[in-house]
Amino acid sequence: MAEGVLDNLTDKVADLITKAKRLVIFTGAGVSTESGLPDFRSPGGIWDSFDPDDFSYQRFISDESVRKKHWRLLKSLAPAAEPNAAHYAITELYRLGKLDCVITQNVDNLHQKAGLPGDKVFELHGNMQSLLCLDCGRRYPFDRVKARLDEGEEIPDCELCHGILKPAAVFFGEPLPQRVLEEATRRSRNCDLFIVIGSTLVIYPAAYLPDYAVAASAKLVIINLSATPLDGQAEVLLRAKAGEAMPRVLKRVKERL
Ligand code: ZN
């Protein structure tokens, strides 16, 4: 996009945020990839070196060799990514009192790492930074389990009951966390401004949420590098990288407050 056009649209987004009473921000893979995390679907992404079938819940619980592969992958991804300018700009909107919540398709915990309180982040696909015992339900932070991997364990189990530990992210064949989805739906229906950042809006049911918002008369902004099925409904469409667009938007919101 030409600089002048971008400028103009950035102003429009800042105006909408300034006027909004309830802003919901929806983030997708585009926000994570700018932190250097691989996108599962693009060429060179995880699917190139990892069989998608291994991400099914069934195979994970039934096949020890699949679990071993998972832990190897988790260990290799562990030099954990850092939040980028988009995450920090979103947190700053929250501190300015301009954000109701973030609904995210990402499982990387980067919104929380950027300072957004956990109860303001609705993770539709769970969270990879937390491990869940499938038997007793105990949760462990990834760092604690990482220490065991570093000591040479290949398939860490639950410290209490030796049950299977699984990343608290949603695998194929697993339902989305129901309460999170319900609350995300409720907030999407009640917001007056819904901003999509870095999502192509093709993964359902997550992609229904902006629909709900628009149906309830909220204004829709889409900040994404490629087209989405909802582009035609957007009040403002910004073809830009999240990490470049959001700091600019934030700066202009601050000028208006
Ligand atoms: Zn357990």
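Let us look at the structure shown here. All values reported here derive from a predicted model rather than from experimental measurement.

## Things to note about the sheet that holds strand S6 (residues 165-169)
Line of reasoning, step 1. Taking strand neighbours across the sheet as the criterion, the three strands line up as S5-S4-S6 in an open arrangement whose pairing is antiparallel. In the strand order of this sheet, the two ends are held by strand S5 (139-141) and S6, each with one partner. Taking each pair of neighbouring strands and ignoring which way they run, the sheet shows an average axis angle of 40°.
Line of reasoning, step 2. With five bridges connecting them, strand S4 (residues 126-133) and S6 associate as antiparallel partners. Residue pairing for S6: Gly126 is matched across the bridge by Ala169.
Line of reasoning, step 3. In this fold helix H8 (residues 142-150) packs onto S4, S5 and S6, with an angle of close to 75° to the strand it touches most, S5.

## Details of the nonpolar core
Line of reasoning, step 1. Grouped together as the largest cluster of nonpolar side chains are 32 residues, with contacts concentrated most on Ile17, Ile25, Ile195 and Ile197.
Line of reasoning, step 2. If you list the elements that add at least two residues to this core, you get helix H1 (3-19), strand S1 (23-27), helix H6 (85-95), strand S7 (193-197), strand S8 (219-223), strand S9 (236-238) and helix H11 (242-256).
Line of reasoning, step 3. Apart from the residues within four sequence positions on either side, Ile197 is in contact with Ile25, Phe26, Thr27, Gly28, Val31, Ile90, Ile223, Ala242 and Met246.
Line of reasoning, step 4. Grouped together as the second largest cluster of nonpolar side chains are 22 residues, Cys101, Val196, Ala207 and Ile222 included.

## A closer look at the sheet that holds S9
Line of reasoning, step 1. An order of S3-S2-S1-S7-S8-S9 is seen for the six strands of this open sheet, with the pairing classed as parallel. With one partner strand each, in any of the chains shown, strand S3 (121-123) and S9 form the two edges of the open sheet. Each strand axis lies, on average, 15° off the axis of its neighbour in the sheet, ignoring direction.
Line of reasoning, step 2. Bridging between strand S2 (residues 101-104) and S3 involves three bridges; their strand directions are parallel. Opposite Val102, over in S3, you have Val121 as the bridge partner.
Line of reasoning, step 3. Where helix H10 (residues 208-215) meets the sheet, its contacts fall on S1, S2, S7 and S8, and the angle it forms with S7 comes to roughly 155°.

About the thresholds
- Residues numbered from 1 in each chain as written.
- Predicted model: local features only at pLDDT ≥ 70, side-chain atom pairs only at ≥ 80, totals over all residues.
- Heavy atoms only, no water.
- Pairing = 2+ DSSP bridges.
- Helix = DSSP H or I, 4+ residues; strand = E, 2+ residues; numbered from the N terminus.
- Axes fitted to C-alpha atoms, helices over the stretch in contact; angles between N-to-C directions.
- Contact = heavy atoms within 4.5 Å.
- Core = buried A, V, L, I, M, F, W, Y, C linked by side-chain atoms within 4.5 Å.
- Buried < 20%, exposed > 50% of the residue type's maximum accessible area, 1.4 Å probe, protein only.

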